[in-house]
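Residues per chain are reported as follows:
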Amino acid sequence: MAERAPIARSPISPAPPVTVEYGWEISARRTSADLRIMDCTPLVKILVRASIDGGVARALEVPFGRAACDERGVLVVGSGPGEWLLLAPPGAGTETVRRVEEVRDREIVSILDVTHGRALVRISGEEAVDLLAKVCGIDFSDEVTPDGTAFRSSVAKLTTDVVRDDQDGVRSYLLHCERSFGQYLFDSLHDAGDEFGIEIEGFAGSKALSQPG
Amino acid sequence: MILIPCPWCGPRNVSEFRYADEAKVRPDPNATTPERWRTYLYMRDNPAGWTTEKWFHRAGCRRYFTLERDTVSNAVRAAEASREV
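So, a few notes on the structure that sits alongside this text. (Residues numbered from 1 in each chain as written. Chains lettered and ligands numbered in written order. Predicted model: local features only at pLDDT ≥ 70, side-chain atom pairs only at ≥ 80, totals over all residues.)

### A look at the interface of chain A and chain B
Applicable threshold: Each residue gets a C-beta atom placed from its backbone, and two residues are in contact if those atoms lie within 7 Å. Each helix is a run of H or I in the DSSP string that is no shorter than four residues. Each strand is a run of E no shorter than two, and both are numbered from the N terminus. Three residue categories are used. Nonpolar comprises Ala, Val, Leu, Ile, Met, Phe, Trp, Tyr, Cys and Pro, charged comprises Asp, Glu, Lys and Arg, and polar comprises the others, including Gly.
Contacts between the two partners involve nine residues from chain A and, on the opposite side, 11 residues from chain B. Sorting elements by how many residues they give to the side of chain A that touches chain B places strand E11 (residues 150-155) of chain A first, with four residues. Broken down by class, the residue content of the side of chain A that touches chain B amounts to three nonpolar, five polar and one charged.

Written as structure tokens, this is what we have:
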């Protein structure tokens, strides 16, 4: 009997049709709706904790409260004081960890791959701001939270990392939470977006992360 | 609604925070007396008016900080980052 490769599953049930790509069971659904929600859990998620003013902080070049895509297509998110979340394409985990280890020198640093321990959802569309205003107390206007903003707050009463990561000029947000709350967050956002015509879009590596500019 | 001015995240709803006791100096356990240690552990001033407190931003930066709060009106002021846990 031939040996089969293990298949990773997101905590969020994929909408049919279902396929397997990048070693993950994902939805293959496509939509042309203006407001879309995508389960981006297959993206690599690396959690880095280090000194606020140390070598790793200088190398990552992203302060607390901001997010930026580096030249290799890794989205570096300043998710907390002395805390960064690195989002990379599927399969890039080892390389991403190695790059942080190279710059850490003698500094005490925690580098943890939380890819399978967290859930990640992307909401895209101009009405995403109205959707999020229903479930989160933060001001999502351009003046307060422009593109590249990152913060942690309560979303649908769930502690969530929120990153504004516009794509091709279209407003887009990444929402990151503990794995066990993934389905709840996804359903809450889907329900909140119902009045705006939100539709589910299956995971696509090319759409999940912004391309390096 | 009470807005708590987190020194890292800015003003946020109080529901994102956890109250973490009155701010007071922890005595050295090797040098203090049992009476002072007991007072530190169990006794609270609980004033009607301005008091200094520790708060924990559990749904945000996950940092402790000190805050002055009027326990009568719930007015708050002068938040500052605190290294003490």
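### Thoughts on helix H4 (residues 182-192) of chain A
Residues and elements named next belong to chain A. Counted only if it meets this: Here a residue counts as buried when 20 or more other C-beta atoms sit within 10 Å of its C-beta, as exposed when there are 12 or fewer, and as partly exposed otherwise, the C-beta atoms being derived from the backbone. Starting at the helix axis, one direction is taken to each C-beta atom, and the arc is that of these directions.
All buried positions along H4 are accounted for by Gly-182, Leu-185, Phe-186, Leu-189 and Ala-192. Axial view of H4: buried residues confined to an arc of 135 degrees, hence all on one face. Buried residues belonging to H4 abut strand E4 (36-39), strand E10 (118-124), helix H3 (128-135), E11, strand E12 (158-164) and strand E13 (172-178).

### Focus: the pairing of strand E2 (residues 10-13) of chain B
Residues and elements named next belong to chain B. Note the following rule: Any two strands between which DSSP finds at least two bridges are classified as paired.
Taken together, the four bridges between strand E1 (residues 3-6) and E2 define a ladder with antiparallel strand orientation. The residue of E2 that forms the bridge with Leu-3 is Asn-13. In this antiparallel pair of consecutive strands, E1 and E2, the connection spans three residues.

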